[in-house]
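Geometric and topological summary
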Amino acid sequence: MEATHLQTIQKYEPIRDQARDIASRALPQHLRGMLRLSAVDFRAIAAFNILDATQEREVDWNWNFASRYSKVYPKAFDLSVWHGNSLCSLTLGRPTYKGTAMRMDFIERFTKNPLFKGDMYQVSLLAYATYGRLIGANQIRIMDPQNAKLIKHYSSEGGFEYKPAKKGVCHYLVRDL
């Protein structure tokens, strides 16, 4: 790893922490004090591995790639959401190459708890929008939503506009920050 790459990782780590802290304090009242926002670290990956073996999932990506993703994209933002010792969701994304938009590349909810089932997307969106603003992005994108149901949900819940795939870029949803 080049020195400049490592410097970029180190420069953005406090910004990632700040975004999680700000988003944590800005959670809706019914979630404040109930959820903890953290990085996708070894603890989150260990919890994922247990859930992967015991829970039916709607997607098939393996979150063990998260540490490599963050090294390849030093400005990436990673988020794990916890209720006590229970992992509720993981999200991973990065700024676009020009830095004008924040991409949410991977998002997965694990909780079967009906109290939080509908909240995980909004929690991730809040944290990603916060990080995007801190680094100067003016848009947020949800990359390659898996199906029409998710596109409809994300559009209705967050005011996103659908953009079809073109010129080697997958389809995505976008909105201004």
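Residues numbered from 1 in each chain as written. Predicted model: local features only at pLDDT ≥ 70, side-chain atom pairs only at ≥ 80, totals over all residues. Heavy atoms only, no water.

**With respect to the environment of Tyr 154**
Rules: In this description a helix means any DSSP run of H or I spanning at least four residues, a strand means any run of E spanning at least two, and both kinds are numbered starting from the N terminus. Exposure is judged per residue with a 1.4 Å probe applied to protein chains only, and the accessible area is read against the type maximum: over 50% gives exposed, under 20% gives buried, and values in between give partly exposed. Contacts are assigned to residue pairs that have any heavy atoms within 4.5 Å of one another.
When you line up the elements, Tyr 154 lands in helix H5 (residues 148–158). For Tyr 154, a relative accessible area of 8% gives the class buried. As a C-alpha pair, Tyr 154 and Arg 25 span 129 residues in sequence and 23 Å in three-dimensional space. Beyond its immediate chain neighbours, meaning those up to four positions away, Tyr 154 contacts Ile 107, Tyr 121, Ile 142, Pro 145, Gly 159, Phe 160 and Leu 173.

**With respect to the pairing of strand S3 (residues 86–95)**
Heads up, the rule is: Think of it this way: DSSP has to see at least two bridges between two strands before they count as a pair.
For S3, the tally of buried residues reaches nine of 10 residues, placing the bulk of the element in the interior. Two elements, strand S2 (residues 77–83) and S3, share seven bridges in a ladder whose sense is antiparallel. Residue pairing for S3: Trp 82 is matched across the bridge by Leu 87. Taking the residues that link successive antiparallel strands as the turn, the S2-S3 hairpin has two residues, and the phi of Gly 84 there is positive, at about 60°. Pairing of S3 with strand S4 (residues 101–109), which is carried by seven bridges, proceeds in the antiparallel orientation. Considered in S4, the bridge of Leu 92 is made with Phe 106.

**What about the pattern of salt bridges?**
A pair can form between side chains of opposite charge whenever their charged atoms are brought close. Test applied: Counted as salt bridges are all cases of a side-chain nitrogen of Lys or Arg within 4 Å of a carboxyl oxygen of Asp or Glu.
One pass over the full model with this rule turns up seven salt bridges. Among the ionic pairs, Asp 17 bridges to Arg 20, the shortest N-O distance being 2.9 Å. Taken as a pair, Asp 17 and Arg 20 lie in helix H1 (residues 3–25) at a separation of three residues, close to a single helical turn. Taking the relative accessible area as the measure of exposure, Asp 17 reaches 40% and is therefore partly exposed. With a closest N to O distance of 3.3 Å, Glu 161 and Lys 163 form a salt bridge. Taking relative accessible area as the criterion, Glu 161 reaches 45% and is therefore assigned partly exposed. In this structure, a network of salt bridges that share partners links the residues Asp 17, Arg 20 and Asp 78.

**Details of the packing of aromatic side chains**
Here is the rule we go by: Aromatic pairing here means that ring centres of Phe, Tyr or Trp (its six-membered ring) are within 6.5 Å. Orientation follows from the plane angle: under 30 degrees is stacked, over 60 is edge-to-face, and everything else is tilted.
Using the criterion set out here, one finds 10 aromatic pairs in the structure. Between the aromatic rings of Tyr 69 and Phe 106, the centroid separation amounts to 6.1 Å while the plane-to-plane angle is 85°, which identifies the pairing as edge-to-face. In this pair, Tyr 69 is assigned in helix H3 (residues 66–72) and Phe 106 in strand S4, connecting sequence segments 37 residues apart. Ring centres 4.7 Å apart and planes at 85° place the aromatic pair Phe 77 and Tyr 128 in the edge-to-face group. A residue pair is termed long-range when its members are at least 10 positions apart, and Phe 77 in strand S2 and Tyr 128 in helix H4 (residues 120–134) qualify at 51 residues.

Shape descriptors only; they carry no functional weight alone.
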